[in-house]
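As a plain string of letters, each chain reads:
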Amino acid sequence: MVVLAASIISKSGKALVSRQFVDMSRIRIEGLLAAFPKLVGTGKQHTYVETENVRYVYQPIDTLYLLLVTNKQSNILEDLETLRLLSKLVPEYSYSLDEEGISKTAFELIFAFDEVISLGHKENVTVTQVKQYCEMESHEERLHKLVMQSKINETKDVMKRKASEIDKSKIEKGRSDKGGYMSLQSMGSGRIDSGFSSDMSISSGGGGGFGSGSGFGLSTDVESYSTKSKGRPPASASAPPKGLGMQLGKSQKNSQFLESLKAEGEVIIEDVRPIAGQSKSAAAAAPLTDPVTLTVEEKLNVTLKRDGGVSNFDVQGTLSLQILNQDDGLIQVQVETGGNQGVLFKTHPNINKDLFSNENILGLKDPNRPFPAGQSGDGVGLLKWRMQSVDESVVPLTINCWPSVSGNETYVSIEYEASSTFDLQNVVISVPLPALREAPNVRQVDGEWRYDARNSILEWSILLIDNTNRSGSMEFVVPPADSSVFFPISVRFVASNTFSDLKVANILPLKGGTPPKFSQRTQLSTENYQVV
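Described in the following lines is the structure provided in the data block. (Residues numbered from 1 in each chain as written. Predicted model: local features only at pLDDT ≥ 70, side-chain atom pairs only at ≥ 80, totals over all residues. Heavy atoms only, no water.)

1. Section: the overall build of the protein
Within the protein, the regular secondary structure consists of eight helices and 29 strands. Taken across its 532 residues, the protein has 37% of its residues classed as buried. Across the protein, every contact between residues at least 6 apart in sequence was considered, and the portion connecting residues at least 24 apart equals 67%. In the structure as shown, the protein presents an accessible area of about 30,600 Å², 50% of it carried by carbon and sulfur atoms. (Helix = DSSP H or I, 4+ residues; strand = E, 2+ residues; numbered from the N terminus. Buried < 20%, exposed > 50% of the residue type's maximum accessible area, 1.4 Å probe, protein only. Contact = heavy atoms within 4.5 Å. Areas by Shrake-Rupley, 256 points an atom, 1.4 Å probe, with all protein chains shown as cover.)

Quick look at the structure:
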């Protein structure tokens, strides 16, 4: 059997998707496809048509034809089997079987055709295998990208440390050039400008030099590490706030130096007023593109015992609605709540509780009242739920830590085991360590590790935990220490599925017509996840 081409064409012979498996010019394949509609007779039950050179094996799909062009020596039974497999694949990738839908998914269909037919011969594959081959992602590639990103971050940290050292050396050089003492710039103004980095100013009440009763004041507004110019007005005299010490200003040179200190982990107190409307989160939410967006979010609070068992397990979830245009506000939301009996749902006071209880539909008590549009932040809350348990089997990630002292060293083995229910992303396991002069000796680790010397914490990072790595371990060695030093262990991760398995089934317009397009965002994240 030799399949020359697999194509999807319109009734008029227009080629929408065509994959050739032998060398063939564009003019020839277009001529073969254009001639096919003229050869198909009406009222015939055959699924193939033969000409002098080729055979057409076809199957109608709504207003289109799925077509195999083969040579006349090919096995017709195998051709029909190939055609049936392709007819099952087309609806899997194209949700609307018309010209527009086929054109939008043309490349996906071509990739699927390549998995079924190789060099004109059918591969022994199923629909499930073809979808798996086309969607397969490389776990090793993700790990490689994570390693490369960590190297880039380390290089940036080294650059910031070098810049900080250069700035510090310039400051020290400036101090030595000025002799380490204050220089009198203007005796008449009663002000002494300092060459030190803390640029303090002393002003007299009458401006007549250092007269008696002038009432000197000490200003703590540090604006620059260099000496101020004579023309700048003196800072107002004020006492430093209790517990804050000297506050750093906003000059460009200072900002660069402060950024380098922050990169090293220094805690810098700045007198910065918050910008109105500034989001609490550093990362802004993705902009809304669909008319209706529903967000399913669950926060996980878990406290595990170091010897096994669950001390606290609490899941709190919310379903929120965001609408771009007020015209789409007259809607109801139909949901599927999943089969988790431990989840207790609670609707918003303005939501019709009976409608939700009986039909799983979220709508306002007053059907003539639209949902508000243009909501910023998390939008309008429709539904809340909560799940509590003491069953360790529902915990998505368990941590076992085994410290043991041997001679002058403490060997620490940490192991994680993940539930098959969730694929966890961006997993970070933070283990507190005793005060160390140097980084711990990590002998084995599944993933990446980083030592935070300032906070004395060892961070174990796994980019993705899925079916390929449901368990993993790390082993490191530190000087002798009590086993309680390594607790509590903190864990952070996110997942794309939730405990409630809540899904938005449909949007029901109350005023009739076509329902607006909607999208659903789902995320499970940790709020407080510890092993104590």
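2. Section: the packing of helix H2 (residues 76–93) against helix H4 (residues 106–116)
It is the contact of H2 with H4, at a shortest axis distance of 10 Å, that shows an interaxial angle of 150°. Judged by the inter-axis angle, H2 sits roughly antiparallel to H4. Handedness of the crossing formed by H2 with H4: right-handed. Taken together, the residues of H4 that come into contact with H2 (itself represented by Thr 82, Leu 85, Leu 86, Leu 89, Val 90 and Tyr 93) are Glu 108, Leu 109, Ala 112, Phe 113 and Val 116. (Axes fitted to C-alpha atoms, helices over the stretch in contact; angles between N-to-C directions. Parallel < 35°, antiparallel > 145°, perpendicular 65-115°, else oblique. Left-handed = near helix turned anticlockwise from the far one by under 90°.)

3. Let's talk about the pattern of salt bridges
Going through the model one piece at a time under the given rule, you end up with 15 salt bridges. Residue Glu 99 is joined to Lys 14 by a salt bridge in which the shortest nitrogen-to-oxygen separation is 3.8 Å. Here the residue Glu 99 occupies a position in helix H3 (residues 99–104), and Lys 14 occupies one in the loop between strand S1 (3–10) and strand S2 (15–20), the gap between them amounting to 85 residues. The exposure class assigned to Lys 14 is partly exposed, which follows from its relative accessible area of 47%. Shared partners join several salt bridges into a network, and the residues in it are Glu 50, Arg 55 and Asp 79. (Salt bridge = Lys/Arg side-chain N within 4 Å of Asp/Glu carboxyl O.)

4. Considering the sheet that holds strand S20 (residues 397–406)
Read from one edge to the other, the open sheet built from four strands follows the order S20-S21-S26-S23, with strand pairing classed as antiparallel. A single partner strand is all that each edge strand has here, and the edge strands are S20 and strand S23 (441–445). The mean inter-strand angle of the sheet, taken between neighbouring strand axes irrespective of direction, is 15°. As paired strands, S23 and strand S26 (residues 471–478) are joined by four bridges and run antiparallel to one another. From the neighbouring strand, Gln 444 faces S26, where its bridge partner is Glu 475. (Pairing = 2+ DSSP bridges.)

5. What about the packing of H4 against helix H5 (residues 127–135)?
At a minimum axis separation of 10 Å, H4 and H5 run at an interaxial angle of 120°. Relative to H5, the element H4 lies oblique. Here the hand of the crossing between H4 and H5 comes out right-handed. On the side of H4, the interface is formed by Phe 111, Ala 112, Glu 115 and Val 116, while H5 contributes Val 130, Tyr 133 and Cys 134.

6. Remarks on the sheet that holds strand S5 (residues 64–71)
Spatially, five strands are ordered S2-S1-S5-S4-S3 in an open sheet, and the strand pairing comes out antiparallel. In the strand order of this sheet, the two ends are held by S2 and strand S3 (48–50), each with one partner. The mean inter-strand angle of the sheet, taken between neighbouring strand axes irrespective of direction, is 20°. Pairing between S1 and S2: five bridges, direction antiparallel. Directly across from Ile 8, in S2, lies its bridge partner Val 17. Sitting on the sheet, helix H1 (residues 26–39) is in contact with S1, S2, S3, strand S4 (54–61) and S5, with an inclination near 65° to S4.

7. Here we look at the environment of Asn 301
By the secondary structure assignment, Asn 301 is in strand S14 (residues 292–304). It is 7.4 Å that separates the C-alpha atoms of Asn 301 and Asn 312, two residues lying 11 residues apart in sequence. When sequence neighbours within four positions are dropped, the list of residues in contact with Asn 301 reads Asn 312, Phe 313, Asp 314, Glu 527 and Asn 528. Within the local environment of Asn 301, its side chain forms a polar contact with the side chain of Glu 527, the two groups lying 3.0 Å apart. (Polar contact = N/O pair within 3.5 Å; in protein donor to acceptor, adjacent residues only side chain to side chain.)

8. Quick look at unusual backbone geometry
Residue Pro 488 is reached from Phe 487 by a cis peptide bond, and omega for that bond is 0°. Assignment of secondary structure puts Pro 488 in the loop between S26 and strand S27 (489–495). The backbone of Asp 62 shows a phi angle near 55°, a positive value even though the residue is not glycine. By secondary structure assignment, the location of Asp 62 is in the loop between S4 and S5. A positive phi angle, close to 50°, is found at Asn 426, a residue other than glycine. Following the sequence through the fold, Asn 426 ends up in strand S22 (residues 424–432).

9. Some remarks on the environment of Val 428
Inspection of the secondary structure puts Val 428 in strand S22. It is 9.6 Å that separates the C-alpha atoms of Val 428 and Glu 448, two residues lying 20 residues apart in sequence. Here Val 428 is in contact with Glu 459, Trp 460, Ser 461, Ser 490, Val 491 and Arg 492, once residues within four sequence places are set aside.

10. Quick word on the pairing of strand S15 (residues 310–323)
Along a regular strand, successive side chains alternate from one face of the sheet to the other. Of all 14 residues making up S15, 10 are buried, and the element is well covered by its neighbours. Bridge count between S14 and S15: 13 bridges; the pairing is antiparallel. Its bridge partner being in S15, Lys 299 is matched across the sheet by Gln 316. The antiparallel hairpin formed by S14 and S15 contains five residues in its connecting segment, where Gly 308 sits at a positive phi of about 110°. Pairing of S15 with strand S19 (residues 380–388), which is carried by eight bridges, proceeds in the antiparallel orientation. Residue pairing for S19: Leu 319 is matched across the bridge by Leu 383.

Any functional reading would require information beyond the geometric quantities listed.
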